[in-house]
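# Inside the fold
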Amino acid sequence: MKKITPALVLLGLSVFGSVVYADVSLQSKGEVNGTWKLQYSKNSLNDKQSIDREDTWVFKDGKVTILHIPREGAYFDQAPVDYEIEDGKLKVAIIGSSRTELYTVVEKDEKSMTLKGKYGNYYFFSKK
């Protein structure tokens, strides 16, 4: 009995002690409409180092425009591209390509949104 108890305790801690993130499934484009300031990004949720960001994403009329993107000491705005909601995820066209970028919505409320890119990067937004 003494050998089973530590194993059960470890099993219980691993099941109940872990943090669970359930993805948010988007139903329509209207759920992301508006202006979102990208505060910072991380390579993973557990990454202690974040990268401060300065760009703003504007979702309007089925298009997303990324503004104030820093590059080589200056800033530029990206031309608007189409976006869609597909299987509850955010699908954004890539300029000059037929390819798209797919984002999973990890968390979203009226004031904040967290997106996960297809390569595991996380983007943390606040609503403007």
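Here, every reference points to the structure presented above.
Attention in this report is confined to the structure presented alongside it. (Residues numbered from 1 in each chain as written. Predicted model: local features only at pLDDT ≥ 70, side-chain atom pairs only at ≥ 80, totals over all residues. Heavy atoms only, no water.)

What follows is about the nonpolar core. Of all hydrophobic cores here, the largest spans 19 residues; its most connected members are Trp57, Phe59, Leu90, Met113, Leu115 and Phe125. With sequence-adjacent residues up to four places away left out, tryptophan 57 is seen in contact with Gly34, Thr35, Trp36, Leu38, Val64, Thr65, Ile66, Tyr103, Leu115 and Phe125. (Core = buried A, V, L, I, M, F, W, Y, C linked by side-chain atoms within 4.5 Å. Buried < 20%, exposed > 50% of the residue type's maximum accessible area, 1.4 Å probe, protein only. Contact = heavy atoms within 4.5 Å.)

Right, let's talk about the pattern of salt bridges for a bit. Considering all chains together, one arrives at three salt bridges under this definition. For glutamate 86, the salt bridge identified is with lysine 91, shortest N-O distance 3.0 Å. (Salt bridge = Lys/Arg side-chain N within 4 Å of Asp/Glu carboxyl O.)

This part takes up the packing of aromatic side chains. Overall, the coordinates contain six aromatic pairs when judged by the stated rule. On the numbers, 5.8 Å between centres and 70 degrees between planes, the contact of tryptophan 57 with tyrosine 103 is edge-to-face. Pair noted here: tryptophan 57 is in strand 3 (residues 56–60) and tyrosine 103 is in strand 9 (residues 100–108), with a separation of 46 residues, a long-range link. Pair check on accessibility: tryptophan 57 and tyrosine 103 agree, each one buried. With a centroid separation of 6.0 Å and 80 degrees between ring planes, the pair formed by tyrosine 103 and tyrosine 123 is classed as edge-to-face. Here tyrosine 123 lies in strand 11 (residues 122–127) and tyrosine 103 lies in strand 9, a separation of 20 residues in the sequence. Grouping residues by exposure puts tyrosine 103 and tyrosine 123 together as buried. Three or more aromatic residues joined by ring pairs make a cluster, and in this case those are Trp57, Phe59, Tyr83, Tyr103, Tyr123 and Phe125. A cation sits over an aromatic face here: lysine 29 above tyrosine 83, 5.7 Å from the ring centre. (Phe/Tyr/Trp six-rings, centres within 6.5 Å; stacked < 30°, edge-to-face > 60°. Helix = DSSP H or I, 4+ residues; strand = E, 2+ residues; numbered from the N terminus. Lys NZ or Arg CZ within 6 Å of the ring centre and 35° of its normal.)

Glancing now at the environment of methionine 113. In this fold, methionine 113 is placed in strand 10 (residues 112–117). We classify methionine 113 as buried; its relative accessible area is 1%. For the pair methionine 113 and valine 32, spaced 81 residues apart in sequence, the C-alpha separation works out to 8.8 Å. Apart from residues lying up to four places away in sequence, methionine 113 is in contact with Val32, Trp36, Phe59, Val105, Glu107, Lys108, Tyr123, Phe124 and Phe125.

With that out of the way, let us pick up the pairing of strand 8 (residues 89–93). The side-chain alternation of strand 8 yields one buried face, formed by Leu90 and Val92, and one unburied face, formed by Lys89, Lys91 and Ala93. Pairing of strand 7 (residues 81–86) with strand 8 involves four bridges; the strand directions are antiparallel. Counted as the bridge partner of isoleucine 85 is leucine 90 from strand 8. Hairpin connection, strand 7 to strand 8: the antiparallel pair is bridged by two residues, and aspartate 87 has positive phi, about 55 degrees. Relative to strand 9, strand 8 runs antiparallel, the two being bridged by four bridges. Looking at strand 9, one finds that lysine 91 is bridged to leucine 102. Taken together, strand 8 and the strand that follows it, strand 9, pair antiparallel across an intervening segment of six residues, in which glycine 96 is found at a positive phi of about 75 degrees. (Pairing = 2+ DSSP bridges.)

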